[in-house]
Amino acid sequence: MELNKNLDGESLVISVSGRVDTTTAPEFEKFILDNTAGVKELTLDLKDMSYTSSAGLRVLLKAQKLMSAQGEMKVINVQDDVMEVLEITGFTDILTIK
């Protein structure tokens, strides 16, 4: 997994590449927590995320809860395989996906 960020004022875009699973999810969670102080709009760009496990879903849920308290979060460019997981688990009802 590879994570990149682009901070523009109070807007942060985090791009996720590769697999988010039990091994990489803690790093993903820490990256979000370490970079969202003062952020009002978080965008997760999943264009290059090829897979997510339930551990990755937990990170997305935690990020959504965090941003609900301080602003908003949206998820963009979701690959078909990852979108299928989000749909099956009901996360499409929880997350703002564009």
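For the structure, see preceding data.
Residues numbered from 1 in each chain as written. Predicted model: local features only at pLDDT ≥ 70, side-chain atom pairs only at ≥ 80, totals over all residues. Heavy atoms only, no water.

1. As for the pattern of salt bridges
In the structure shown here, the tally under the stated rule is 5 salt bridges. As a salt-bridge pair, aspartate 21 and arginine 19 come within 3.8 Å of each other at their nearest N and O atoms. Judged by its relative accessible area of 43%, arginine 19 falls in the partly exposed class. Residue glutamate 29 is joined to lysine 62 by a salt bridge in which the shortest nitrogen-to-oxygen separation is 2.6 Å. Here lysine 62 lies in helix α2 (residues 54–70) and glutamate 29 lies in helix α1 (residues 25–35), a separation of 33 residues in the sequence. On the basis of relative accessible area, glutamate 29 is assigned to the partly exposed category, the value being 24%. (Salt bridge = Lys/Arg side-chain N within 4 Å of Asp/Glu carboxyl O. Buried < 20%, exposed > 50% of the residue type's maximum accessible area, 1.4 Å probe, protein only. Helix = DSSP H or I, 4+ residues; strand = E, 2+ residues; numbered from the N terminus.)

2. Comments concerning the nonpolar core
Ile14, Val16, Phe28, Leu42, Leu44, Met73 and Leu86 are the most contacted members of the largest nonpolar core, which totals 27 residues. Of all the secondary structure elements, the ones that give two or more residues to this core are β2 (11–20), α1, β3 (41–52), α2, β4 (72–76) and α3 (80–89). Considering every element that reaches this core, the biggest residue donor is α2, with 6 residues. (Core = buried A, V, L, I, M, F, W, Y, C linked by side-chain atoms within 4.5 Å.)

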